[in-house]
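Structure at a glance
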Amino acid sequence: MVTIQETGAGRIGLAQLEPSDREPLRRLFYRLSAETLYRRFMSPIARLEQVPTDRLLDVDHRDREAIVSVDDREIVGVARYFRQPGSDAAEMAVVVADAWQGQGLATRMLAALAERASAVGIQRFTLIMQADNSPILRLLRRVDPSAKLALSQGVYETTVPVVAWMINLRVQPSACCSPGGCSVRSGTLQARVVIGANA
Ligand SMILES: CC(C)(COP(=O)(O)OP(=O)(O)OC[C@H]1O[C@@H](n2cnc3c(N)ncnc32)[C@H](O)[C@@H]1OP(=O)(O)O)[C@@H](O)C(=O)NCCC(=O)NCCS
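Here's what I pulled together on the structure shown here. Being a predicted model, the structure only gives us computed values, none of them experimental.

Overview of the nonpolar core
- Of all hydrophobic cores here, the largest spans 48 residues; its most connected members are Val68, Ala79, Met109, Leu110, Leu113 and Trp165.
- The biggest single contributor to this core is helix α4 (residues 105-119), with nine residues.
- Residues within four places of valine 68 in sequence aside, it is in contact with Leu14, Ala15, Leu17, Ile75, Gly77 and Val78.

Spelled out as structure tokens, the structure:
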């Protein structure tokens, strides 16, 4: 079980992103520093119109899923996957707003995302990151200390079994991520928060 530090993160819940979450998702991007945006999208974002919001909202909870961290009514982090068409592999990405980093949110979101992915037959997550991105590399090493990294033009790519994300981030079964899917998929973002502070 991941225990979130009492300072700040204890009240934060997780929910599945829905297409209706456009405004809170847009507000998240306004909270990100230039470096965090650059790390997430791997290119400089000069204007937030460059963020592909429509694509990021295109979730179907099977081939395209996103788990968000919710603090009060605001999204403060997102972990997502896109299944590679017709395969059991998916590309995964994660971002946490600067002020919420280092409190275990990426760990919790990725554990929940892996649980969802496993329930719909995804067996491998591919992750692409800049070679000098220490925070995500440390997180990756917790998941799979022996993960092989392929380097190309300053960018690492690696593929790690979904089960490693589930086991090594110590996921607990949760209502949101049971094999049958999330039991609460409608209503406001706040109403959909179904994974509690200590999930
Ligand atoms: C990479 C990123 C998502 C990590 O998010 P995060 O929420 O800070 O990650 P976590 O808090 O889960 O883990 C970070 C640290 O907190 C620690 N931690 C984990 N659970 C914790 C808890 N419950 N309480 C306190 N600390 C905890 C971890 O051990 C880790 O420490 P380490 O860096 O010394 O190994 C964040 O830095 C980010 O948004 N970066 C920009 C986007 C990016 O690079 N994305 C990756 C490419 S797509």
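What about the sheet that holds strand β3 (residues 74-83)?
- If you trace the seven strands from one edge of the open sheet to the other, you get β1-β2-β3-β4-β5-β7-β6, paired in mixed fashion. Edge positions in the sheet fall to β1 (13-16) and β6 (150-152), since each of these pairs with one other strand and no more. The average undirected angle you get between the axes of adjacent strands in this sheet is 25°.
- With four bridges joining them, β1 and strand β2 (residues 64-71) adopt antiparallel strand pairing. Considered in β2, the bridge of glycine 13 is made with valine 70.

Some details on the site of the ligand
- Neighbouring the ligand are 24 residues, the closest being Arg39, Gln101, Gly104, Ala106 and Thr107.
- Per-class residue counts for the shell around the ligand are twelve nonpolar, nine polar and three charged.

Describing unusual backbone geometry
- A positive phi angle, near 55°, is found at methionine 42, a position not held by glycine.
- Residue glutamine 153 is not a glycine yet carries a positive backbone phi of 50°.
- For glutamine 153, the location among the structural elements is in the loop between β6 and β7 (155-161).

The rules behind each value
Residues numbered from 1 in each chain as written. Predicted model: local features only at pLDDT ≥ 70, side-chain atom pairs only at ≥ 80, totals over all residues. Core = buried A, V, L, I, M, F, W, Y, C linked by C-beta atoms within 7 Å. Buried ≥ 20, exposed ≤ 12 C-beta atoms within 10 Å, placed from the backbone. Helix = DSSP H or I, 4+ residues; strand = E, 2+ residues; numbered from the N terminus. Contact = placed C-beta atoms within 7 Å. Pairing = 2+ DSSP bridges. Axes fitted to C-alpha atoms, helices over the stretch in contact; angles between N-to-C directions. Near = placed C-beta within 6 Å. Nonpolar A, V, L, I, M, F, W, Y, C, P; charged D, E, K, R; others polar.

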